Amino acid sequence: MTAFPKPVLDYWHQTLSADRASVHGNLSYAVSDRLNPKRPAMMLEQADGSLRLVVTPEIAQRAGIAELDGLAMDDLKSRLGQAGVTLHDPDYLFYLSAGVHVAADPAKAPRKLTDADRTAFEIFYNAASEQDREDAWVELDHWAVFGCFDGGRLVCAASMNLWDDSPIADLGVLTLSDARGKRFARATVQSINRFSRQQGYEPQYRCQIDNHASVALARSCGLTLFGRWTVATDPRGPSIT
């Protein structure tokens, strides 16, 4: 059984737990006022088959599920939809196991990017497709940014943002199409993951469950699947970021 880092387990326990909770088999349902208002409902299906749903009190009241009455998951989803809450497509969540050493790839030699690399980054960014940029969400102004060069050309970059005031750093990676399959992405992700841990943060790798290339990259970097995470947005509340 994989031993995930304690900061990761503590974060998800705090996020998905509440004073008002109901457990029915593998399903746990909770109402919590600690949720980020931009994510007023979320589900986490872990590798062991457990499924946890948590919603804000306002959403629970509006959807008629405030009494924790032992509804099945399909009923809970149906009531959320009737209340105008949109459940998005799930993401996979990957983390490094506790104590795992993040190996370097000296053949590719990624490095931390700075403002001095802005011109190279802009050329790189503009060469990527709009869809790839949207999926990856890699920016030079994020908390940490690493890049890999092929000659003098930046061909891959990964960036991280700190996650919800937690000891977790959420990463994205963007690779130009002609540089894929050449281990640039693997080397860059490993470098930024190593930096993250050196700074006291656990790296978090998210991708859509049908993005098979991204899933393969996560596994090649020594990351282990933690679960499927689904978030919801509410048109009456603030937008998600």
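Rules behind the numbers
By convention here, each chain's residues receive numbers from 1 onward along its written sequence. Per-residue local features of the predicted model are confined to residues with pLDDT of at least 70, and side-chain atom pairs are confined, for both listing and counting, to 80 or more; whole-chain, interface and lining totals are unaffected and use all residues. Side-chain measures were taken over the full set of non-hydrogen atoms in the model, leaving aside hydrogen atoms and water. Numbering of helices and strands runs from the N terminus; a helix is a DSSP stretch of H or I covering at least four residues, while a strand is a stretch of E covering at least two. Type-normalised accessible area, obtained with a 1.4 Å probe on protein chains alone, sets the label of each residue: buried when under 20%, exposed when over 50%, and partly exposed for intermediate values. Here a residue-residue contact requires only that any non-hydrogen atoms of the pair lie within 4.5 Å. Here is the rule: rings of Phe, Tyr and Trp (six-membered ring for Trp) pair when centre to centre is within 6.5 Å. Planes less than 30 degrees apart are stacked, more than 60 are edge-to-face, and the remainder are tilted. A side-chain nitrogen of Lys or Arg and a carboxyl oxygen of Asp or Glu constitute a salt bridge if their distance falls within 4 Å. Grouping buried Ala, Val, Leu, Ile, Met, Phe, Trp, Tyr and Cys residues that are joined through side-chain atoms within 4.5 Å yields what is termed a nonpolar core. As used here, the arc belongs to the directions running from the helix axis to the C-beta atoms. Note: two strands are recorded as paired if DSSP finds a minimum of 2 bridges between them. Cysteine sulfurs are considered disulfide-paired once they come within 2.5 Å of each other.

Draft legend 1. Structural context of the environment of Ala187. Its location among the elements puts Ala187 in helix α6 (residues 184–198). Overall, the relative accessible area of 1% leaves Ala187 in the buried class. Considered as a pair, Ala187 and Ala103 are 84 residues apart in the sequence and their alpha carbons are 8.9 Å apart. If we ignore the near neighbours within four places in the chain, the residues touching Ala187 are Asp105, Lys108 and Pro110.

Draft legend 2. Region of interest: the packing of aromatic side chains. Taken as a whole, this structure holds 13 aromatic pairs when the rule is applied. Summarising the aromatic geometry, the rings of Phe4 and Phe226 are spaced 5.0 Å apart at their centres and angled 90 degrees between planes, so their arrangement reads as edge-to-face. Here Phe226 lies in strand β12 (residues 223–233) and Phe4 lies in the segment before α1 (6–16), a separation of 222 residues in the sequence. This pair shows no difference in class: Phe4 is buried, exactly as Phe226 is. Relative to Phe195, the ring of Phe146 lies with its centre 5.5 Å away and its plane at 55 degrees, an arrangement referred to as tilted. Taken together, the positions of Phe146 in strand β8 (residues 144–150) and Phe195 in helix α6 put the pair 49 residues apart, joining distant regions of the chain. Neither Phe146 nor Phe195 differs from the other in exposure class; each is buried.

Draft legend 3. Inspection of the pattern of salt bridges at higher detail. Applying the stated criterion across every chain yields a total of 13 salt bridges. With its nearest N and O atoms 3.0 Å apart, the salt bridge here joins Glu58 to Arg62. Here the residue Glu58 and the residue Arg62 both occupy positions in helix α2 (residues 57–63), the gap between them amounting to 4 residues, near one helical turn. We classify Glu58 as partly exposed; its relative accessible area is 43%.

Draft legend 4. Broad picture of the nonpolar core. Within the largest apolar cluster, 27 residues are counted, with the highest numbers of intra-cluster contacts made by Phe94, Cys156, Val173, Tyr205, Leu217 and Leu223. When residues of this core are traced back to their parent elements, those giving at least two are β6 (91–96), β8, β9 (153–162), β10 (168–175), α6, β11 (202–208) and α7 (212–220). The element best represented in this core is α6, accounting for 5 residues. Leaving out residues up to four positions away in the same chain, Tyr205 has contacts with Tyr92, Leu93, Phe94, Leu171, Val173, Ser214, Leu217, Ala218 and Leu223.

Draft legend 5. View of unusual backbone geometry. The backbone of Asp164 sits at a positive phi, close to 50 degrees, despite the residue not being glycine. In this fold, Asp164 is placed in the loop between β9 and β10. By relative accessible area, which is 34% here, Asp164 ends up partly exposed. Phi is positive for Arg183, which is not a glycine, with a value near 75 degrees. Topologically, Arg183 is positioned in the loop between β10 and α6.

Draft legend 6. Highlighting α1. What α1 keeps buried is the set Val8, Tyr11, Trp12, Thr15 and Leu16. Summarising the axial view, the buried residues of α1 lie within an arc of 110 degrees, below the 170-degree limit, and thus occupy one face. α1 presents Lys6 and Gln14 as exposed residues on the side facing more than 90 degrees away from its buried surface.

Draft legend 7. Molecular detail of the pairing of β6. Counting buried positions over the 6 residues of β6 gives 6, a clear majority of the element. In β6, alternate side chains face the same way, and those of Asp91, Leu93 and Tyr95 on one face and Tyr92, Phe94 and Leu96 on the other are all buried. Two elements, β6 and β11, share 5 bridges in a ladder whose sense is antiparallel. When the bridges of β11 are listed, Tyr95 appears paired with Gln204. In terms of strand pairing, β6 meets β12 through 6 bridges, oriented antiparallel. What sits directly across from Leu93, in β12, is Gly227.

Draft legend 8. Focus on the state of the cysteines. Scanning all chains against the criterion turns up 0 disulfides. As a non-bridged cysteine, Cys156 has Cys148 as the owner of its nearest cysteine sulfur, 6.5 Å distant.

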